[in-house]
Amino acid sequence: MLSVVVPCYNEVEVLAHTHARLSRVLAALAGFECEQIYVDDGSSDGTWEAINSLARTSGSVRAVRLSRNFGHQAACLAGLRESAGDAVVVIDADLQDPPELIPDMAALWREGWSVVSARRRARDGETWFKKASAYAFYRLLNTLSDHALALDTGDFRLLDRELVDLLASTPDKNLYLRGAVSWFGLPETSVTYDRDPRHAGESKYTLRKMLALSRRGLLAGSVAPLRLSTYLGTAVLAGGLAAATVRRDPRLLAAPGAFGAHALALGIVGEYLHAVFRQVQGRPDYVIADRAGAPGALTPASHTLAEKERVAL
């Protein structure tokens, strides 16, 4: 079975077209039973009603609605946990990522690859700022990260069931999926493509959300920002001591620059403390408010529960 997870947030304008195009691709995919899982991430524009309509008319569609907007990463994780497939594809609803790549990804999965990432070669319809910032971010993150990351790759990926189960069971409350996929170290390959403009609507990744995702990626994948405070503090202290020694003026040790460096160091440490606070709170990643569609095949967790009940009987 192949599961396709589609996170949605205010995508009512494009949803019907997305479903039609995705269904055509999956119908032509030989050798697979397919299911589509739509995750409504707290939309306010009628997206859930549109998803409900799809679920009523298609036996291969299942859907969940989150109680509010928990964010794209949480919506993806919710879809992964709902999936039943031996392989799972995550794709956004805006059609910038072409579903026609799924057969190629499935073929590579059959060859034994656990992760098949879709690597962007061009990003049509996006501003120069977004292109430049994305290019710089991926390379900065890869340089600072404790493990190698796939460059120019978003959440459009095919994941093997083994990896899906690992992601679904992780206790991380601030999960950065793009980094976590590479962290597990399972065999990974990629296909390249040119990203299309949005079919309709506007991008839901505002500058604020892009910065928040970037911060999550840096904090989750690297200790370099934390070590930066140590390096910077050491450098400022050494510079102050050198200046005070050469000029024989102890007052140089109290230069305003030292205060700025100290404040920056505390700010970085504060970011990590906030991440620790989120982790120990123990809150769920999201809350499911409603479901739609036929239950379909049992999920791995349901298989386990069913087996336990059978043994008990």
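Report on the accompanying structure. Being a predicted model, the structure only gives us computed values, none of them experimental.

## Section: the pattern of salt bridges
Within this structure, the stated rule accounts for 7 salt bridges. Residues E82 and R62 are paired through a salt bridge, measuring 3.9 Å at the closest nitrogen-oxygen approach. In this pair, E82 is assigned in helix 3 (residues 72-82) and R62 in strand 3 (residues 61-66), connecting sequence segments 20 residues apart. Take E82 and R62: they sit in the same class, and that class is buried. In this structure, the salt-bridge partner of R291 is E82, at a minimum N-O distance of 2.6 Å. Of this pair, R291 sits in strand 8 (residues 288-293) while E82 sits in helix 3, placing them 209 residues apart in sequence.

## So, the side chain of D97
If you trace the backbone, D97 turns up in the loop between strand 4 (87-90) and helix 4 (102-110). Polar contacts involving the side chain of D97 include one to the side chain of Y193, which spans 2.5 Å. Other than its neighbours up to four places away in sequence, D97 contacts I91, D92, R120, F156, Y193 and R195.

## Considering the packing of helix 1 (residues 12-27) against helix 2 (residues 47-57)
For any two helices packed against each other, the geometry comes down to the angle between their axes and how far apart the axes lie. Running from N to C, helix 1 and helix 2 point in directions that differ by 20°, and their axes come no closer than 9 Å. As far as their axial angle goes, helix 2 and helix 1 are roughly parallel. Handedness of the crossing formed by helix 1 with helix 2: right-handed. The residues of helix 2 that touch helix 1, namely those facing V12, L15 and H19, are T47, A50, I51 and L54. Looking at the contact of helix 1 with helix 2 residue by residue, the classes come out as 5 nonpolar, 2 polar and no charged.

## Some remarks on the packing of aromatic side chains
With the rule as written, the count across this model stands at 3 aromatic pairs. Between the aromatic rings of W183 and F184, the centroid separation amounts to 5.2 Å while the plane-to-plane angle is 85°, which identifies the pairing as edge-to-face. The exposure class of W183 is exposed, given its relative accessible area of 57%. Of note, R68 hangs over the ring of F70, and the distance from its end group to the ring centre comes to 3.9 Å.

## Overview of the nonpolar core
The biggest cluster of nonpolar side chains holds 35 residues, and the ones touching the most others in it are L2, Y38 and I102. Top contributing element to this core by residue count: helix 4, with 5 residues. Setting aside residues no more than four positions away along its own chain, L2 makes contact with L26, L29, F32, E33, C34, E35, A87, V88, V89, I102 and L158. The next biggest cluster of nonpolar side chains, apart from the first, holds 25 residues, and it includes C76, V90, L159 and L163.

## Observations regarding the environment of A93
Its place among the elements puts A93 in the loop between strand 4 and helix 4. With a relative accessible area of 1%, A93 lands in the buried category. Spatially, the C-alpha atom of A93 lies 5.9 Å from that of V6, the residues being 87 residues apart in sequence. Setting aside residues no more than four positions away along its own chain, A93 makes contact with V6, P7, C8, E11, V14 and T18.

## Structural notes on the pairing of strand 3
Here strand 3 lies mainly inside the structure; 5 of its 6 residues are buried. As paired elements, strand 2 (residues 34-40) and strand 3 share 5 bridges and run parallel to each other. Note on strand 3: the bridge partner recorded for Y38 is A63. Regarding topology, helix 2 serves as the crossover connection from strand 2 to the parallel strand 3, and that connection is right-handed. Relative to strand 8, strand 3 runs antiparallel, the two being bridged by 5 bridges. The residue of strand 8 that forms the bridge with L66 is I288.

## Concerning helix 1
Look at helix 1: 23 Å from first C-alpha to last across 16 residues, which is about the 22 Å you get at 1.5 Å a residue. Along helix 1, the positions that sit buried rather than exposed are V14, L15, T18, H19, R21, L22, V25 and L26. Against the buried residues of helix 1 lie strand 1 (2-8), strand 2, helix 2, strand 3 and helix 4.

## Some thoughts on the pairing of strand 1
Most of strand 1 sits out of view: 7 of its 7 residues are buried. Where strand 1 lies against strand 2, 7 bridges are found, and the strand directions are parallel. Bridge pairing links V4 to Q36 in strand 2. Following the backbone out of strand 1, through helix 1 and into the adjacent parallel strand 2, one traces a crossover that is right-handed.

Conventions adopted
- Residues numbered from 1 in each chain as written.
- Predicted model: local features only at pLDDT ≥ 70, side-chain atom pairs only at ≥ 80, totals over all residues.
- Heavy atoms only, no water.
- Salt bridge = Lys/Arg side-chain N within 4 Å of Asp/Glu carboxyl O.
- Helix = DSSP H or I, 4+ residues; strand = E, 2+ residues; numbered from the N terminus.
- Buried < 20%, exposed > 50% of the residue type's maximum accessible area, 1.4 Å probe, protein only.
- Polar contact = N/O pair within 3.5 Å; in protein donor to acceptor, adjacent residues only side chain to side chain.
- Contact = heavy atoms within 4.5 Å.
- Axes fitted to C-alpha atoms, helices over the stretch in contact; angles between N-to-C directions.
- Parallel < 35°, antiparallel > 145°, perpendicular 65-115°, else oblique.
- Left-handed = near helix turned anticlockwise from the far one by under 90°.
- Nonpolar A, V, L, I, M, F, W, Y, C, P; charged D, E, K, R; others polar.
- Phe/Tyr/Trp six-rings, centres within 6.5 Å; stacked < 30°, edge-to-face > 60°.
- Lys NZ or Arg CZ within 6 Å of the ring centre and 35° of its normal.
- Core = buried A, V, L, I, M, F, W, Y, C linked by side-chain atoms within 4.5 Å.
- Pairing = 2+ DSSP bridges.
- Right-handed = clockwise from strand over helix to strand, strands pointing away.
- Expected span 1.5 Å × (residues − 1).

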